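Chain by chain, the residues:
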Amino acid sequence: MFRGVSLATGWGEGLHSLPKDAVAAAAGKQILPLPTLIVDDDRLRRATRECLLAIAAVETALRHSPWSAADLAGQRTALVYASASSYISANWSFLHADASSVVYFPYTAPSAVPGEVSMYFNITGPYLSFLSGANAGLEALWHAVTLLNTGQCERALVLVVETFSECEELFLLTRRLVSFPLVETTLCVLLERHPTLGTVSYDAGNATNGGLVHALATSALFQAVQERQGTPALALCGPTLRDGHEIARQLQTHWPLVADLPLAVVNARTGTCLAATPLVGLLLALAETQREQILCISHWGEAWSMVGWPRGSL
Amino acid sequence: MTSGILPLQPTDQIAITGMGVVSPIGQDVSSYWSGLVNGACGISRIERFSTDGLRVQNGGEIKALRELVGPAASPLPECRASQFLIAAASEALQMAQWNNVTRSDQRLGIVIGTALGGIGQAERLLDKPHDLHALTGAPYDGPTRHLAHWFRVTGPVMTISTACASGATSLGIAADLLRAGTVSAVLAGGVDILCRFVMQGFNRMRSLTRDKVRPFDRRRSGLLLGEGAGLVVLERASTARQRGISPLALLRGHASCADGSHISAPDTAGRGLEHTIRLAMQNAEVTPEHIDFISAHGTGTPQNDRVETSVFKKVLGSRAYAIPVNSIKAHMGHTMGAAATLETIMCVLASRHGQIPPTLNYGEPDPECDLDYVPGSTRVFRPRISLKTAAGFAGCNACLVLEGVV
């Protein structure tokens, strides 16, 4: 069950800061950055901006939870990290590096971000990073739930960091991403072991030959949700808003009800925040609808991922 | 946690039914095994890119990748890591006879672990400014997507990283997908390539040796890097048998845990590794008395080998002294994300052939590394239960418990 959440985006802190229409609210801005943190802590002297943002995200989630930092320490807490972009700036810097480079190897490694978090909070339980593009957030959530349900840990942190501004020149080359716009995001969900997490369901696949919507519509979880009494809130996420709208439009041919379901295309509210988008969608659906079931769907190219989250497992 | 496939029954087991290898000592399972038991060394002067300005110019480089013949009509990806994956997957799927499976309800998934992903390709993009935008598309995930596209897989496609422990963690995640009933079989393993980017990183850390790699030896002075890919096909043992396929081995248990102590060095007390091994053994329902063999991470750095030895003794007690422990990193260098999968394949082959490959270049015992490291030559011994340990930057640890099926 959820014990604490933090969300910081280029729009501000928390769900209430998200606009109704991300493209309009961006008013032509292509990248919405998070503030850069200045931390006076010798332990973090070599840490990259992404590491500092991640630590801040966990601290904020703790403030919104009944837990203290001491509760996270030790072997019974799992740390599951997801990102599609946060390592790119460090790698980009290192690729151009000379002897005076400020990026220390191995801070180029994606695992450096959860690594700093694990050190800062002394977390020594189950631990890994998902890097599967925009699907990584749902995969991390699934894995955290699996670890909790199988008794591998008592608590789990699901942490997502997406950053773009330090290699802005690179992302600005990618018109497909920035036009919606790109929104830096940190998100941390604190989960606790609870029997109701056993009702969370997961499915994933890969749609070859361009049959993404058919693959989604014929997936076992999608069909199970349709057959269930009552209708879910639907959180559809593509890498960009255009992708999300396109899936929504095509899914209606398989399930006409899609048009009437609350929430629908999450990118419309968030902009492009990659692996964080489906988790923001889940939080929005929980906060803004009363539906008993939330169906989160994300895709990254041909690959798709889907989580059915019952409100009862909050 | 379900899809259309029935969740695993408690009595069902996760089986390895296919294996594929691309390594500096052999580009298929058979030649890899031959290289291991005959003490072949795949380390040489790096030729594929400039090593000017680096303290160390040697590594386990694959000089020429064997020709690939795949089912796809599309051209082979330019990315070297993708090519390695496709080559290893071709062999693994053929061994598992998965290419013969045509039923639409049989879903093959992919879980790839990597320390560098497709970042080696990024070096090439620097010379092609018009293609630089490709760097924004989650480059660590690129090789996995190429592999999925090449084989037209329909199951989950995941890229994970626990740095140099990734090749073990990926197998664990694949087992979890099978247990959840999300997939029928999973192509899982690891890949990494040598490139100037990673050589420069290790060069700055001064962790590469100018000597030979000497795991657990008193004279050990560091590691050398290598490149390769190792993949296995995992499926439920019952599914495999229904298909008429005999499992090569069983993946009994796994765990991946954090040190929480240092960004690039192992915890001096080995807390994370110890917890990881205990958790994997608990999941596998085995005790120290069951363990017959340990395939160590054994990088040949002073600290890693000392910490690993100390943790083996803590977890296994006096039993640790009776168990052969080897490291094959002197054969081919540290292949990073691929290493733990290549070593897992070695464990499976050791059980099948009744032989344990030696730890090359081991000659002078270290008082702090006082276990049986299989010095000299291949040992005739058939392990049933093997432990595979792995570690990586940012305090990553992983452990697999494998059972040989003969």
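Owing to the predicted nature of the structure, the values given are computational and were not obtained by experimental measurement. (Residues numbered from 1 in each chain as written. Chains lettered and ligands numbered in written order. Predicted model: local features only at pLDDT ≥ 70, side-chain atom pairs only at ≥ 80, totals over all residues.)

### Digging into the overall build of chain B
- Regarding its fold elements, chain B presents 11 helices and 14 strands.
- Against the globule reference of 22 Å for 406 residues, chain B gives a C-alpha radius of gyration of 20 Å, in line with a compact fold.
- Counting only C-alpha atoms and orienting by the principal axes, one finds that chain B spans roughly 60 × 55 × 40 Å.
- Of all 406 residues assigned to chain B, the portion counted as buried reaches 65%.
- Pairs at least 24 residues apart make up 80% of the contacts formed inside chain B by residues separated by at least 6 positions. (Helix = DSSP H or I, 4+ residues; strand = E, 2+ residues; numbered from the N terminus. Rg over C-alpha atoms; globule rule 2.2 N^0.38 Å. Buried ≥ 20, exposed ≤ 12 C-beta atoms within 10 Å, placed from the backbone. Contact = placed C-beta atoms within 7 Å.)

### A look at the overall build of chain A
- Helix and strand counts for chain A come out as 13 helices and 13 strands.
- Expected size for 314 residues packed as a compact globule is a radius of gyration near 20 Å; at 19 Å, chain A falls within 12% of this value.
- Principal axes of the C-alpha set define a box for chain A whose edges measure 60 × 45 × 35 Å.
- Within chain A, the proportion of its 314 residues that are buried is 60%.
- Restricting to contacts in chain A with at least 6 residues of sequence separation, those with at least 24 account for 76%.

### Considerations on the nonpolar core
- Within the largest apolar cluster, 262 residues are counted, with the highest numbers of intra-cluster contacts made by Val58, Ala144, Leu159 and Ala235 of chain A together with Leu85, Val186 and Leu234 of chain B.
- Among all residues touching alanine 144 of chain A, those that are not within four sequence positions of it are Ala78, Val80, Ala156, Val158 and Leu191 of chain A. (Core = buried A, V, L, I, M, F, W, Y, C linked by C-beta atoms within 7 Å.)

### Examining the domain arrangement of chain A
Residue and element names in this part refer to chain A.
- Taken domain by domain, chain A consists of domain 1 (2–197) and domain 2 (199–313).
- The centre of domain 1, based on its C-alpha atoms, is set 22 Å off from the matching centre of domain 2.
- Each partner contributes to the interface: domain 1 provides 40 residues, whereas domain 2 provides 34 residues.
- Elements with a minimum of two residues in the side of domain 1 that touches domain 2: strand 1 (2–9), helix 1 (22–26), helix 6 (136–149), strand 6 (155–162), helix 8 (175–178), strand 7 (182–183) and strand 8 (185–192).
- Grouping the constituent residues of the side of domain 1 that touches domain 2 by class yields 26 nonpolar, 9 polar and 5 charged. (Domains from an automatic or database assignment. Nonpolar A, V, L, I, M, F, W, Y, C, P; charged D, E, K, R; others polar.)

### Details of the domain arrangement of chain B
Residue and element names in this part refer to chain B.
- Each domain of chain B was delimited in the assignment, giving domain 1 (14–242) and domain 2 (253–404).
- In this structure, domain 1 and domain 2 have C-alpha centres spaced 20 Å apart.
- Residue-level contacts link 60 residues of domain 1 with 56 residues of domain 2.
- Of all the secondary structure elements, the ones that give two or more residues to the side of domain 1 that touches domain 2 are strand 1 (14–22), helix 1 (29–37), strand 4 (108–114), helix 5 (166–180), strand 6 (185–192) and strand 7 (228–236).
- Of all the elements, helix 5 adds the most residues to the side of domain 1 that touches domain 2, at 7 residues.
- Grouping the constituent residues of the side of domain 1 that touches domain 2 by class yields 31 nonpolar, 21 polar and 8 charged.

### A word on the pairing of strand 10 (residues 233–237) of chain A
Residues and elements named next belong to chain A.
- Here strand 10 lies mainly inside the structure; 5 of its 5 residues are buried.
- Side chains Ala233, Ala235 and Cys237 of strand 10 all project onto a buried face; the interleaved residues Leu234 and Leu236 project onto the opposite face, where all are buried too.
- Here 5 bridges tie strand 10 to strand 12 (residues 293–300), and the two strands are oriented parallel to one another. The partner of leucine 234 across the bridge, within strand 12, is leucine 295. (Pairing = 2+ DSSP bridges.)

### Quick notes on helix 4 (residues 142–151) of chain B
Residue and element names in this part refer to chain B.
- Among the 10 residues of helix 4, 10 are classified as buried, and the element is accordingly described as predominantly covered.
- Among all positions of helix 4, only Gly142, Pro143, Thr144, Arg145, His146, Leu147, Ala148, His149, Trp150 and Phe151 are buried.
- Of the residues trailing helix 4, arginine 152 is marked for its positive phi of about 55 degrees.

### Thoughts on the interface of chain A and chain B
- With 55 residues of chain A in contact, the opposing surface of chain B contributes 59 residues.
- At the level of elements, helix 4 (88–95), helix 5 (112–121), strand 5 (127–130), helix 6, helix 7 (168–171), strand 9 (201–206) and helix 10 (220–227) of chain A are the ones that each hand at least two residues to the side of chain A that touches chain B.
- For the side of chain A that touches chain B, the element with the highest residue contribution is strand 9 of chain A, accounting for 6 residues.
- The class makeup of the residues in the side of chain A that touches chain B is 30 nonpolar, 22 polar and 3 charged.
- As paired elements, strand 5 of chain A and strand 5 (residues 157–161) of chain B share 2 bridges and run antiparallel to each other. For serine 129 of chain A, the partnering residue across the bridge sits in strand 5 of chain B and is serine 161 of chain B.

### Digging into the packing of helix 8 (residues 271–284) of chain B against helix 9 (residues 302–316) of chain B
Residue and element names in this part refer to chain B.
- The N-to-C vectors of helix 8 and helix 9 enclose an angle of 45 degrees; their axes lie 9 Å apart at closest approach. Classed by the angle they form, the pair helix 8 and helix 9 counts as oblique. Judged by the twist between their axes, the crossing of helix 8 over helix 9 is right-handed. For the pair formed by helix 8 and helix 9, the contact residues are Leu273, Glu274, Ile277 and Arg278 on the first element and Val307, Glu308, Val311, Lys314 and Val315 on the second.
- Classifying every residue of the contact of helix 8 with helix 9 by side-chain character gives 5 nonpolar, no polar and 4 charged. (Axes fitted to C-alpha atoms, helices over the stretch in contact; angles between N-to-C directions. Parallel < 35°, antiparallel > 145°, perpendicular 65-115°, else oblique. Left-handed = near helix turned anticlockwise from the far one by under 90°.)

### Structural notes on unusual backbone geometry
Residues and elements named next belong to chain B.
- Even without a glycine there, the phi angle at arginine 206 is positive, about 55 degrees.
- If you trace the backbone, arginine 206 turns up in the loop between helix 6 (196–205) and strand 7.
- With 10 C-beta atoms counted inside 10 Å, the residue arginine 206 sits in the exposed group.

### Things to note about the environment of leucine 257 of chain A
Residues and elements named next belong to chain A.
- Take leucine 257: it is sitting in the loop between helix 11 (241–254) and strand 11 (263–265).
- Residue class for leucine 257 comes out exposed when judged on the 12 C-beta atoms lying within 10 Å of it.
- For the pair leucine 257 and glutamine 226, spaced 31 residues apart in sequence, the C-alpha separation works out to 9.4 Å.

### Observations regarding helix 2 (residues 80–95) of chain B
Residue and element names in this part refer to chain B.
- Here helix 2 spans 23 Å end to end across 16 residues, near enough to the 22 Å set by a 1.5 Å rise per residue.
- Taken across its 16 residues, helix 2 has 14 buried, putting it largely inside the fold.
- Glutamine 97, located one to two residues past helix 2, shows a positive phi value of around 55 degrees. (Expected span 1.5 Å × (residues − 1).)

### Topic: the sheet that holds strand 10 of chain A
All names here are of chain A.
- Reading across from one edge, 9-13-12-10-11 is the order of the 5 strands in this open sheet, with mixed pairing throughout. Pairing within the sheet leaves two strands with one partner each, and these edge strands are strand 9 and strand 11. Averaged over all pairs of adjacent strands, the angle between their axes in this sheet comes to 15 degrees, without regard to strand direction.
- When strand 12 meets strand 13 (residues 303–310), the two strands line up antiparallel, connected through 8 bridges. Bridging across to strand 13, isoleucine 297 finds its partner in methionine 306.
- Across the sheet, helix 11 is in contact with strand 10, strand 11 and strand 12; its angle to strand 11 comes to roughly 115 degrees.

### Here's the deal with the confidence of the model for chain B
- With 95% of its residues at a pLDDT of 70 or more, chain B shows a mean pLDDT of 93.
- We note a pTM of 0.96 for the whole complex and an ipTM of 0.96 for its interfaces. (pLDDT = per-residue confidence, 0-100.)

### Points about the packing of helix 2 (residues 49–63) of chain A against helix 5 of chain A
Residue and element names in this part refer to chain A.
- Two numbers describe how helix 2 lies on helix 5: the axes approach to 9 Å, and their chain directions differ by 50 degrees. Considering the angle they form, helix 2 stands oblique to helix 5. Of the two elements, helix 2 crosses helix 5, and the hand of that crossing is right-handed. Contacts between helix 2 and helix 5 involve Glu50, Cys51, Ala54, Ile55 and Val58 from the former and Ala112, Val113, Glu116, Val117, Tyr120 and Phe121 from the latter.

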